[in-house]
Amino acid sequence: MTGAPPDTQAKGIGARLARKEDARFLAGRGQFVADIRMPSMLDVAFVRAPVAHARIVEIEKPDGWESLVYTMADMAGVKPIVAASKLPGFQVSEQYPLAKDKVRFVGEMVAMCVAPSRARAEDLAEQVFVDYEDLPVVSDMHAAANGSAEGKLHAHWDSNVFLETQVDNAAAMADDVVSLRRSLSTSRQCQVPLEGRGVVCYWDHRLGRLEMTSAAQMPHINRTGLAECLGLDEGQVRVVSPDVGGGFGYKGILLPEEICCAWLAMQLDRPIRWIEDRNEHLSANANCREHAYDITVHVDRSGRLAGIDCDAIVDSGAYSSYPFSACLEAAQIGSILPGPYKMDSYRCHTRSAATNKPPILPYRGVARTGVCFALEVMLDIAARELGIEPYELRERSLVGADDMPYTNITNKLFDSGDYIACMQRAVEALDWSGWRARQAEATGRKRIGLGLATFCEQGAHGTSVYHGWGIPMVPGYEQCNARVTTDGILELYLGAHSHGQSMETTMAQVAHTVLGIDPQHVRIRHGDTDGSPYSTGTWGSRNAVMSGGAVAAACEKLADRLRYLAAHLLNVAADDLVFKNGAVATADGSRSITLVEIAHTWYRAPQRLPDDVDPAGLGLVAGYKMRPDMGTFSYATHACAVEVDTVTGAVTLLDYAICEDGGVLINPMVVEGQLIGGLAQGIGTALYEEMPFDDEAQPLASTLADYMVPGAAEMPPLRIEHMQTPSPFSSFGQKGIGEGGAIAPPAAIANAVNDALAGLGAEIHSVPISPERVIAALEAAHESH
Amino acid sequence: MSQSLEFPESNTVTFRLDVNGQPREINAEARTHLADVLREHCGLTATHLGCEQGVCGACTVEIDGVPQRSCLQSAARFEGRQIRTLEAFEDDALTAALRQAFSQEHALQCGYCTPGMLITARDIVQRLPHADEARIREELAGNLCRCTGYRGIVRAIQHVLETYPQESSDGS
């Protein structure tokens, strides 16, 4: 399908088709893990560590109820979670599903209690007495990285650093470059899907396997991990991911809770359920975004970016999570910090620090949100230093449309696009000059500021990318099992999972474009290891490209077979046939046969078919791999205007504009939904969301009253502009774009705030930009004058 | 066969609830909140739990015609009240209009906040026929959505406010 123009029909690629999945959710009939009931099911509650670092001296089970409480000592033979980066120097952690000997973060599971209801299981959990002997707590990633922390996470390690990496593409720069250096940071966050994690599982004696339903983004990977830890064959584990209430990276992990529940289900031979509550999410699983950058940008006098030097630390928490490891963030920082820019020189040193906090997980955008913040804030500081507009400075270094495809300083192959035009459109959409005029009038207590941020977003990362980052799970080929059923329905089995991404609709649209079949007659089956091809799942903005590519490939192969059958049944040449309105027809439309009739003939009246027909029939597996497999690069510029109250420190978003390019859009409505949803999360990162930890690594925001996520009233007026530059490397020009909305907001908003505060000599260096941070910046500026 | 297990005693109380027009006799621990009774005892799983603290709004139901959190009070306190969950609005014309608008405006992605959003949206349309965008956003402050960024939800409610015939919007 390479180079095919977007389908202009109302249902195929390019159509704003309403979603097939909506009806069940609007009726309240979605089926989430917690909605599943099984006879004799028992609920689990976990005893979780109240301290961040301690040796377990003794665990005392409640008198008389010992048989309802389990510790790691009971789970003999269950292996720990190990996610070892392949990069040299990586220090390996072992995370037992229930803590063994030591606890290493607040919320780590120590014991498991079972009862007919969660409340009664919690009653038992309250009666479990654990004697802890405190160990020195490592709460600060700088101390961990620099070796100055008193505590040590893992006894057999040399340091508190999972991995140290160095990218060194340093080159000579002109003598008169302007060099600007700052320390910048992003806070630890929680992903906060509205539905938490959850598990229902039991042992099926007929099939001789564990049936595990889990709110999971990557059911095949969970199956692999479960089998490894439990000592089962993969065939003895089925994982089903049903309707899932948002993931954002939080559910892209093998859970210790899954292992515990699976073990218990086998032990008791009863269905076992665990449903995460909000307190568990916030206090035991605050696990993303925490980066610190010591960054220097060098620009020449014209504003052209000459080079970057950066020393980055990621607070990776206590263990390496399966499958992404403790080092995905740092690996990304090293390779994507240069952003969409050209430069002469680049150096980046990273350390993945181990601390007594929950293990880090990727959150929508992964490290890109942090690196975009670090670099884009520096570029605006440089523009201010040189007295030019932020977009003028960027124009001098953005990769140009004529340069595409372009290999950047870290060997990223940018596929296509016009980054500069995109930025200009966002600037215009915001009415930048109009806001500059209003800004000039706001010289009192409330200041106005403008900011922008631009980035490119690698999606559908290929084999070489993940292999290069040392991630233990390397994606390869995505596949689709496709078949036309006896009644002419197209069934597509996918190994990935859709938990809000709308794949039941978008994948049907792809099928419609190839086979002319109405999307209502396409059944997407996803999230079940039974019947679907192995897949690394849903993450990294990969499914429009990878699952979309696999669906297109499968439909094209099916088209060949259908065309052959139709040609025989219609007695015409196969080459003349086209797919339209659920039928195969001659180009002039004079003769046609429906897919229903072909299916009926194939399955139930084969006497009408020729002898040489391929007996493989109307079902097949087809696969897709992008070549070159670097991935697609969507890109965008976010521009905004803010008002800063210099007395209260409050920041108000006045206006927001986005111009983005996701290549050929399968469904622009869905893309906008991803974009705006991501924007809300990005605004949370920029202004509200933070899980502070005290010196003893105690989480301090364990309810949604303390951990604030944006509501409807926190969203600014918004304009969205689309560009659609096809990727030359994907199957129909599509690009991954699911994460982009969450990447730029912290950078764009911080730049606007700094623009507003520039006249007062104050500068923000960390997100979220809370009133406290604004006031602190103003006070620091006041003291230095 | 399953292992036979004994558990600590559980003290339950019996009370009657009026759920979606049906009388229900409930036998549950006194501490059980309404959402758990609706989900675990009545099998009505449209009501979702997101925080069990009254912040997220996923558990919003109608009590005597007014939206209310079902996660904050024990179920026994709702004796004598009329409880309606999203399941009660299967054939409700206003809810049908909202459903249609939600789909058209892409006001849902994962669908987890959706039942609570629909209950709140229905209340906004009935109570505030002249609500503008800012007012709708303010009214939605008690319902969190982590997927959509709210634009589709706000637009869907606006659309229904503009198009739904007011004289029949009492919905009862």
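The structure presented is a predicted model; accordingly, all values stated were derived computationally and were not measured.

Reading guide: rules and limits
Residues numbered from 1 in each chain as written. Chains lettered and ligands numbered in written order. Predicted model: local features only at pLDDT ≥ 70, side-chain atom pairs only at ≥ 80, totals over all residues. Helix = DSSP H or I, 4+ residues; strand = E, 2+ residues; numbered from the N terminus. Buried ≥ 20, exposed ≤ 12 C-beta atoms within 10 Å, placed from the backbone. Contact = placed C-beta atoms within 7 Å. Axes fitted to C-alpha atoms, helices over the stretch in contact; angles between N-to-C directions. Parallel < 35°, antiparallel > 145°, perpendicular 65-115°, else oblique. Left-handed = near helix turned anticlockwise from the far one by under 90°. Nonpolar A, V, L, I, M, F, W, Y, C, P; charged D, E, K, R; others polar. Core = buried A, V, L, I, M, F, W, Y, C linked by C-beta atoms within 7 Å. Pairing = 2+ DSSP bridges.

Peer 1: Go over the overall build of chain A with me, naming the residues and quoting the values.
Peer 2: Secondary structure assignment for chain A yields 18 helices and 29 strands. The principal-axis extents of the C-alpha atoms in chain A amount to approximately 90 × 75 × 45 Å. Considering chain A as a whole, with its 785 residues, one finds that 58% of them fall into the buried category. The long-range share in chain A, meaning contacts at least 24 apart out of those at least 6 apart in sequence, stands at 80%.

Peer 1: Account for the packing of helix H16 (residues 668-688) of chain A against helix H17 (residues 745-757) of chain A, naming residues and giving values.
Peer 2: All names here are of chain A. Between H16 and H17, the least distance of the axes is 8 Å, while the angle of their chain directions is 50°. Regarding the angle of H16 to H17, the classification is oblique. By crossing handedness, the relation of H16 to H17 is classed as right-handed. Here Leu679, Gly682, Ile683, Thr685, Ala686 and Leu687 of H16 lie close against H17, whose contacting residues are Pro745, Pro746, Ile749 and Ala750.

Peer 1: For the interface of chain B and chain A, give the residues involved together with the corresponding values.
Peer 2: Contact with chain B, which involves 46 residues of that partner, is made by 48 residues of chain A. Mapped by element, the contributors of at least two residues to the side of chain B that touches chain A are helix H2 (93-104), helix H3 (114-127), helix H4 (133-139) and helix H5 (151-163) of chain B. The residue inventory of the side of chain B that touches chain A, partitioned by class, reads 22 nonpolar, 15 polar and nine charged.

Peer 1: Kindly report on the nonpolar core, identifying the contributing residues and their values.
Peer 2: Val44, Cys113, Leu264, Leu492, Ala511 and Val753 of chain A are the most contacted members of the largest nonpolar core, which totals 312 residues. Excluding anything up to four places from it in sequence, cysteine 113 of chain A contacts Val44, Ala45, Val47, Leu68, Val69, Ala121, Leu124, Ala125 and Val128 of chain A.

Peer 1: Residues and numbers for the sheet that holds strand E2 (residues 22-29) of chain B, please.
Peer 2: All names here are of chain B. Taking strand neighbours across the sheet as the criterion, the five strands line up as E2-E1-E5-E3-E4 in an open arrangement whose pairing is mixed. Of all the strands in the sheet, the pair left with one neighbour each is E2 and strand E4 (66-68). Direction aside, the axes of adjacent strands within the sheet are offset by 45° on average. Sheet topology places strand E3 (residues 61-63) next to strand E5 (residues 82-84); two bridges connect them, and they run antiparallel. Looking at E5, one finds that glutamate 62 is bridged to arginine 84.

Peer 1: Give me the lowdown on the environment of threonine 463 of chain A, citing residues and values where you can.
Peer 2: Residue and element names in this part refer to chain A. Topologically, threonine 463 is positioned in helix H12 (residues 463-468). According to the C-beta neighbour criterion, threonine 463 is partly exposed, with 14 such atoms within 10 Å. Each C-alpha atom, one on threonine 463 and one on valine 474, is 5.8 Å from the other, the two residues being 11 residues apart in sequence.

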